[in-house]
Structure formats: C-alpha cells, structure tokens
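# Chain and residue survey
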Amino acid sequence: MRRETRRFTQSGGWTGELPIEMDSDDTLVVAFGASSFGDAPQPLRDLRAAFPRARVIGCSTAGEICGAQIHDAGIVAAIVRFDGTKLRAASSPTGPAAASFSAGVDIAQRLAAPDLRAMIVLSEGLEVNGSELVRGINSVTPPSVIVTGGLAADGERFKKTWVFDGTDPAPRRLAAVGLYGERALVTHGSRGGWDLFGLERRVTKAVGNVLYELDGKPALKLYKEYLGDRAAGLPATALLFPLAMRAEEQEQKQLVRTVLAVDEDAQSLTFAGDIPTGSLVQLMRANFDRLVQGASDAATMARATTRGGGDLLAVAISCVGRRLVLGERTEEELEATLDVLPSGTEQVGFYSYGEISPFASGSCDLHNQTMTLTTISES
C-alpha cells in the first residue's frame, strides 16, 4: 500500500503535484473541504480528473485536519493505492430525516459482499437523522464489518453541507466506500472526555431526533435555563453543552447527542441522532485536559488492533463542539493521536456534525462530541 496527502489553498492551489501515477481501480481518494467549495467545486473536479479510475469520497467540514494541524477554507486529500485490497463505492440521496433509514439500507445493500471488511460512510450533516442512518446500515451489514465515518459540517453556520462522490459536491447525499479482502486492515477508536453535570432527566416526549419534553417540561426552556446568557447564541452554543444519553438506569453504555436546531414555537430541540422517549439524559460540559486525553484514548483503541506494516493512514473525525471548546488548544488533540499511533502515520480528517463508529466493537453507532479515528493499512 502507498499513500500520499495533499492540501489545496485558494492562494497556492494544490501543494505539490497530484500523484496521478497512483490512479487505479484499487485507489481510494478521500477529500475534506470547506463548505464554500459546494458553490465553487473546480478544485474537487481537478482532483477527480487526476484520478479517473479511483474511488472518490469526501464532504464539507468545520475545519480540515492535516497531520497535527487544522486548516480552514481549503481542502485536504489522502490518496491511497492498495496492493491487494479491492474497493467499491456507492452513493445515495438522503432526502428528509425520515428517509435516513432507507438511505442506510440502500448504501449497505449496494456494498454488501462476503469479503467486505470495512466501510467508510460520509453523509450530509443537517437534514439526516444519523441514528436512523446507522440503524439502516446495521440492518444489512454484519457486526464483523467495521463501519466508520461522519456527518458533513458547515463550521458554526449550520446552513449548508455537501458530500462528494466523484461528481460535483451536492447536499442531501450519502456516499460510502467498501474495502474488500483479507489484506485490508482497518481499526477504529472513539472517545469523548466530557464531564457530566446537573440532574439526569427522563425524556417524556420525543419524536425521532426531535426532543419536546424532559420530565414533562418543555425541553428548550429547560435547556436555556442551563445555558443562561449563552442561550442567545443557539444553536451554535449548544455545542458546548451536549447531552449524554442512556437507555435505562442499569445501562452503562452512554451515547452523546448534540443540538443541530431549535424551534422556539414548539420549544423543541433537534439533535443529530435519535432521543428515544423514556431514555435518560444528562448535560455535559468540557474539561480541557480530559478532551485531549479522550483523543489519546481513541488512538490507543485504534492502535491496539493495528497489525499492518509499512504505510498507515489515520482518518480523524472530531466534533465541531470539541473545536469550539478547545479553541487555540484544539491542535493538542491532533498531536495526542499522532503521539500514540505508529511513527510515520499520515493523518487527515475533519471537524464534523456527528461521528460514526462502533462504541467499542460490533455494529456502529452515531456519536457526537467524540474524537473518532479510523486507521487503514494492508497486511
């Protein structure tokens, strides 16, 4: 396996010549870029033209990750040419949130095969119900297949996102690449690092990913009481205070949910994934050191099962909320992952509106406010 990374900036174009000699049916191109490229896609068209045979996937971001650095307003790309791993790509419209399950089923069915080892999934980030999307994927894909990825972002604007499948970037799209064969080695890790605070409350009214009531009271009203002066900045300020969710009191597994939109009339909150009626939720807040440690823990999880030799690519997908909280310290979490991963690892990725990864092992879940790592190599 050979891998190269490149960056595009508006002032300088692509850093170095695109390695067109790496083009093949077994080449993967992964690109992450600012939401503005949805309206000005020429650099993505150039990337596609350089690798006409490759499987191409990408999405918009709230910041592009290249190595241990974060960039804005540009594009980062990884080009991977495999020696013994086969690839297939598929894309599907996502439509409204209610269609998310069927979109997941469709993409999983089109990539299904006995020798499927892993799947990388990228979805638009505003209208999709991420929980339903992964539920659709899991209904088709066996737990032995590692499914990772994330939801496209638009910085702190929450206006428009795009997904790239080799044609022009577009909203309301889902794209995925499957890796096939015994030589494909894909590992994963996902961790948070937030602290719980306040009372744990019962969800008394919710429909899908829209939360209406907690303990019988309007959800938005309660949420604003916790945010205080920061409530004026909703929905962006909600990224600083996600919800931890568990199915019942005896459940140890907690998923994290982030607010994407608010409805003043309905006094409701719309999340990136489902908030089931009857579940228990509790507010979370940031601890700087623990967020960085969470990124390190995610890398430790991924490294624990890394077996490949030679080149290693790490795809890092971290939540935009983590970037807002960490501020000038954000690059510390990227340094933390590279400190743990094998020397020479190339890292690309993006800041997202949601992360897709198994919680520990088995079928994938939708996460928010985590650092999620996927490592790719070959035996």
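Our structure is the block above this text.
Residues numbered from 1 in each chain as written. Predicted model: local features only at pLDDT ≥ 70, side-chain atom pairs only at ≥ 80, totals over all residues. Heavy atoms only, no water.

### Brief notes about the packing of aromatic side chains
In plain terms, the rule: Aromatic pairing here means that ring centres of Phe, Tyr or Trp (its six-membered ring) are within 6.5 Å. Orientation follows from the plane angle: under 30 degrees is stacked, over 60 is edge-to-face, and everything else is tilted. Strands are runs of DSSP state E lasting at least two residues, helices are runs of H or I lasting at least four, and both sets are numbered from the N terminus onward. A 1.4 Å probe rolled over the protein chains alone gives each residue an accessible area, and that area as a share of the maximum for its type sets the label: buried under 20%, exposed over 50%, partly exposed in between. Whether a charge lies above a ring is judged from NZ of Lys or CZ of Arg, which has to be within 6 Å of the ring centre and within 35 degrees of the ring normal.
Applying the stated rule across the entire model yields 6 aromatic pairs. Aromatic side chains Phe197 and Phe241 sit 6.1 Å apart centroid to centroid with 65° between the ring planes, which places their arrangement in the edge-to-face category. Here Phe241 lies in the loop between helix H4 (219-227) and strand S18 (243-246) and Phe197 lies in the loop between strand S14 (195-196) and strand S15 (201-207), a separation of 44 residues in the sequence. The class of Phe197 is buried, set by a relative accessible area of 14%. Through a chain of ring-to-ring contacts, the aromatic side chains of Phe8, Trp14 and Phe37 assemble into a single cluster. A cation sits over an aromatic face here: Lys205 above Tyr212, 5.2 Å from the ring centre.

### Describing the sheet that holds strand S24 (residues 346-352)
Spelled out, the test is: Think of it this way: DSSP has to see at least two bridges between two strands before they count as a pair. Angular values range over 0 to 180 degrees, each being the angle between N-to-C directions of two axes fitted as lines to C-alpha atoms, with helices fitted over their stretch in contact.
Here we have 6 strands laid out as an open sheet, ordered S6-S5-S24-S23-S27-S13, and mixed in their pairing. Edge strands, defined here as strands with exactly one partner in the open sheet, are strand S6 (69-71) and strand S13 (184-191). Taking each pair of neighbouring strands and ignoring which way they run, the sheet shows an average axis angle of 20°. Alignment of strand S23 (residues 313-319) against S24, held across 7 bridges, turns out to be parallel. Residue pairing in the sheet places Ala316 in a bridge with Gly349 of S24.

### Some remarks on unusual backbone geometry
A cis amide bond links Leu234 to the next residue, Pro235, at an omega of 5°. Structurally, Pro235 is set in the loop between H4 and S18. Positive phi, normally seen in glycine, also occurs at Asp215, with a value near 50°. In this structure, Asp215 sits in the loop between strand S16 (210-214) and strand S17 (217-218). Using a relative accessible area of 36% as the deciding quantity, one classes Asp215 as partly exposed. A positive phi angle is found at Gln267, which is not glycine, with a value near 55°.

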